[in-house]
Amino acid sequence: MTRYLYEKDLRPMKYTILTSTKHDRTVRAIAHRLGMADAKLRMAMIRRLDMSLLENLESRWEMGQKHADGGDGVAGELGCELFTRFIPLLDTETMQSIYDETTTMIQNGLAVDDAITRGRERIRKAVLR
Amino acid sequence: MSILQDIKNAVRSRSIHVAYVDVGSCNGCDIEVLACLAPRYDIEQYGIYVHNNPREADVLLVIGSVTPQWVDKLRDIWDKIPEPKVAVAIGNCPISGCVYARRGTLTTPPVENYIPIAASVPGCPPRPTEILSAILSVAPLIFKDYEEKQP
Amino acid sequence: MKKTVDVSIPLGPVHPCWKEPVRLKCETAGERVLRVEVELGYMKKGIERIMRGRPWQEVMFLAERVCGICSVIHNMVFIETMEEISDIAVPPRAAYLRVIVNELDRIASHILANFSYCYTIEHETLAMYLLNTREIVLDNLERITGSRVNTAYMIPGGVRFDLLPEDAVTVLADLDKVEEEMRRHTRIFETGPLIALRSKGIGVMDREEAIRSHTVGPTARASGVSDSDLRLRHPTYQALGFEQITRTEGDNFARIMVRFQEIFQSIDLIRKCVTTLPDGPIRGGGLCRAGEGSHSGEAPRGELTYTIKTDEYGRVLDIAIRTPSIMNIEACAHAMIADAASIADVTSTFISSDPCVACNER
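Procedures and definitions
Every residue gets a number counted from 1 within its own chain, in the order that chain's sequence is written. To read the labels, note that chains go from A and ligands from 1, taken in the order they are written. Where totals are concerned, whole chains, interfaces and linings use all residues; where local detail is concerned, this predicted model gives features only for residues with pLDDT of at least 70, and gives and counts side-chain atom pairs only at 80 or more. The helix count covers DSSP runs of H or I at least four residues long, the strand count covers runs of E at least two residues long, and both are numbered beginning at the N terminus. Throughout, the radius of gyration refers to the C-alpha atoms, and the reference size of a globule is 2.2 Å times the residue count to the power 0.38. As a rule, residues whose C-beta atom has 12 or fewer other C-beta atoms within 10 Å are exposed, those with 20 or more are buried, and those in between are partly exposed; C-beta atoms are placed from the backbone. A helix is expected to span 1.5 Å for every residue after the first. Arc definition: it is the arc formed by the directions from the helix axis to the C-beta atoms. Any residue pair is listed as a contact if its two C-beta atoms, each placed from the backbone, are within 7 Å. In this classification, the charged set is Asp, Glu, Lys and Arg, the nonpolar set is Ala, Val, Leu, Ile, Met, Phe, Trp, Tyr, Cys and Pro, and all remaining amino acids, among them Gly, are polar. By the convention used here, strands pair only if DSSP detects at least 2 bridges between them. All axes are obtained by fitting lines to C-alpha atoms, using only the stretch in contact for helices, and the reported angles, taken between N-to-C directions, cover 0 to 180 degrees.

How do you make sense of the overall build of chain C when you look at a structure like this?
Of the regular secondary structure elements, chain C holds 14 helices and 9 strands. For chain C, the C-alpha radius of gyration of 21 Å lies close to 21 Å, the compact-globule estimate for 362 residues. Reported as C-alpha extents along the three principal axes, the dimensions of chain C are approximately 75 × 45 × 35 Å. Relative to its 362 residues, chain C shows a buried fraction of 58%.

Written out as structure tokens, the structure is:
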């Protein structure tokens, strides 16, 4: 196991970044979209994203809403590209498996809304893991 | 005075390696230090070489008021510089915190609390010529007869 | 089979190539860089927190000290936001003078960025040439505003000092000198075979990635993102007939060349401004009022946005600053450097995006 020299606990500094006006607003918007508590999302972000990405959160979120998941309804509802490529809260494989499962559920005759609700539940769990 | 000391004096007076570290400023002072490199000011005719490496530096230019990350790391850098060494504070920030020493700030000036400062160049930012003359006037004071001055 | 050792290489915070402290933690497999994590916090002064609750007269000087390299544009965008909130009109002469100072600052900033790049790829001769040319530009900035850095030239409703006729002549003469020298430096950079080896095809960012992370300024324009220059929407620049420069390669070479080309464009703009400078007052006056507004301007590094909320005494209640380096450093670290062929290219690629850590962290 290799470790970096002169490491310091970055969590308080990452939290400071997230408390600025626009970042706070963006975090709340993302939490609303995912349907989870702000504080939990903040915790997950501090753990998963690096400081530069946290600073850039707002413009990535804006661009994500403009350009991500064009056309595909289920992917758009789940935020497949949004939460992997624009704001990398999940890795691509996990997201793909969630997407596959949701589409299979829809093909097996489950109502679209129910399937998406279940998919979102899995996304929430994966983000917090 | 020994011959060895004479040789050391002669060498040290014409070979000053400078490292600069920004501990949280607006980088206006950074670029004025960089401007010293320009052929107009010709910093190298005095034997000053700006090499941003603390391990081979003689003079450390400290810029900026101290941000959370630097609170412990500034001392680390200072300890890595070989003796004899001298720290010069560039700009208002290391002295007082300048505009950043207000309510709500994240900085903790002055720099003197963390490392010993030998000289200060006030200004927001100071001119390159002032930085140059500060280095040139403080370096001989510390480096001349350094070994003999040791107790 | 030879075993490849995976090493994690941290670069910085104090690094010979970097003007400001930032730490890149590179995970490598052999020479190939797999992933980069950026560690900031070395320059976090909390300037937005300091600004809150202070009168605009104070915030104006604080806004400049967000970043020393592009201090003029921070001043300009803050003042323009205040003008937009309070409906203050600017006299035409003042608007032209603002463009002159802003473009001089842009030239100085672009030269500094290219200097850093040349210094990083160890072409020290060209770096020193560029730095010497920058001094002429700074002289002119000082001649007009009275200061080299942190000029505080603009105020709501105008500018502080007028451009005297004899100064205008000197500015034009100096611009000729700068243009001649920059032509030579650009030729050296464009035709240098060793420079091409270190720059062409390295740190490539395609257009899609540039849009995804919302890169702005020369970094985006080198990747072919059109309509990303906010000067196209500024009324004074529209009157001057401004056109943006784009390239399509998206590598280090393109980013530096875009800056070189923009320097010539800025020189032309200043010349046009000085020769067609309208007569009239330079200060219109006005009162800063309560309101809320957001305004963007084109900094040397790209789009700069101020979102301000004020009360009836002109105090700043809430402020959010979005600087160009936030987007550019992020895109650079996660799109250009990731999957770089060699760890030796990390520094030069990072510098080619013109990172300004003081802007990034505020």
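Help me out: how do you make sense of the overall build of chain B in this one?
A count of helical and extended segments in chain B gives 6 helices and 5 strands. Seen in sequence order, chain B has helices and strands lined up from the N terminus as α-β-α-β-β-α-β-α-β-α-α. The C-alpha atoms of chain B give a radius of gyration of 16 Å, which matches the 15 Å a tight globule of 151 residues would have. Structurally, chain B occupies a C-alpha span of about 55 × 40 × 20 Å along its principal axes. In chain B, which comprises 151 residues, the proportion classed as buried is 48%.

Mind showing me how you'd approach helix H5 (residues 128-143) of chain B here?
Turn by turn, an α-helix covers 3.6 residues, leaving residues three or four places apart pointing in a common direction. Residue and element names in this part refer to chain B. Given a rise of 1.5 Å per residue, 16 residues ought to cover 22 Å, and the 22 Å separating the end C-alpha atoms of H5 matches this to within 8%. Regarding H5, the residues found buried are Pro128, Ile131, Ala134, Ile135, Ala139 and Phe143. End-on, the buried residues of H5 take up no more than an arc of 120°, which puts them together on one face. When the buried face of H5 is taken as reference, the exposed residues oriented beyond 90 degrees from it are Ser137 and Leu141. Among the residues trailing H5, Asp145 stands out with phi positive, at a value near 55°.

Would you take a moment to explain the interface of chain B and chain C for this structure?
Interfaces are often described in size by the accessible area the parts lose on coming together. In this assembly, 33 residues from chain B lie in contact with 31 residues from chain C. Elements with a minimum of two residues in the side of chain B that touches chain C: strand S1 (16-22), helix H2 (28-35) and helix H3 (70-80) of chain B. It is H2(B) that contributes the most residues to the side of chain B that touches chain C, 6 residues altogether. By residue class, the composition of the side of chain B that touches chain C is 17 nonpolar, 11 polar and 5 charged.

So what exactly am I meant to see when it comes to the interface of chain A and chain C here?
Tallying the contact residues gives 22 residues for chain A and 23 residues for chain C. Mapped onto the side of chain A that touches chain C, the elements with two or more residues apiece are helix H1 (11-18), helix H2 (21-34), helix H4 (51-55), helix H5 (57-67) and helix H7 (82-86) of chain A. Sorting elements by how many residues they give to the side of chain A that touches chain C places H5(A) first, with 6 residues. Class assignment of the residues belonging to the side of chain A that touches chain C gives a composition of 7 nonpolar, 8 polar and 7 charged.

For this particular structure, what's the right way to read unusual backbone geometry?
Residues and elements named next belong to chain B. A cis amide bond links Glu83 to the next residue, Pro84, at an omega of -10°. Along the chain, the position of Pro84 falls in the loop between H3 and strand S4 (86-90). Along the chain, Pro109 connects to Pro110 via a cis peptide bond; the corresponding omega equals -5°. Mapping Pro110 onto the fold places it in the loop between helix H4 (93-96) and strand S5 (119-121). We note that Asn27 has phi near 60°; this positive angle belongs to a residue other than glycine. Relative to the assigned elements, Asn27 resides in the loop between S1 and H2. Accessibility expressed as a C-beta count within 10 Å gives 29 for Asn27, which makes it buried.

Can you help me understand the environment of Val138(B) in this one?
Residue and element names in this part refer to chain B. As for its placement among the helices and strands, Val138 is situated in helix H5. Residues Val138 and Ala118, spaced 20 residues apart in sequence, show a C-alpha to C-alpha distance of 7.6 Å. Apart from residues no more than four positions distant in its own chain, Val138 is found in contact with Val86, Val88, Ala118 and Ala119.

What's the story with the sheet that holds strand S7 (residues 291-299) of chain C in this structure? I'm lost.
Picture the strands of a sheet paired through backbone hydrogen bonds; they go either parallel or antiparallel. All names here are of chain C. Strand order across the open sheet formed by 4 strands is S4-S9-S8-S7, with antiparallel pairing between neighbours. Two strands lie at the open edges of the sheet, namely strand S4 (54-55) and S7, each paired on one side alone. Here S4 runs beside strand S9 (residues 315-322); their pairing, made up of 2 bridges, is antiparallel. Note that in S9 the partner of Arg54 across the bridge is Val316. Taken strand by strand, helix H12 (residues 324-337) contacts S7, strand S8 (302-310) and S9, and its axis lies near 135° from that of S8.

For this particular structure, what's the right way to read the pairing of S9(C)?
The pairing of S8(C) with S9(C) spans 6 bridges and is antiparallel. Counted as the bridge partner of Tyr306(C) is Ile321(C) from S9(C).

What should I look at first to understand the sheet that holds strand S3 (residues 59-63) of chain B in this one?
Residues and elements named next belong to chain B. Pairing in this open sheet of 5 strands is parallel, and the strands run S2-S1-S3-S4-S5 from one edge to the other. Edge positions in the sheet fall to strand S2 (48-50) and S5, since each has one partner strand and no second. The sheet shows a mean angle of 25° between the axes of neighbouring strands, taken without regard to direction. For S3 and S4, the ladder comprises 5 bridges, and the chain directions are parallel. Note on S4: the bridge partner recorded for Leu61 is Val88. Against the sheet, H2 makes contact with S1, S3 and S4, and its axis sits at roughly 145° relative to S3, the strand it touches most.

None of this, on its own, says anything about what the molecule does.
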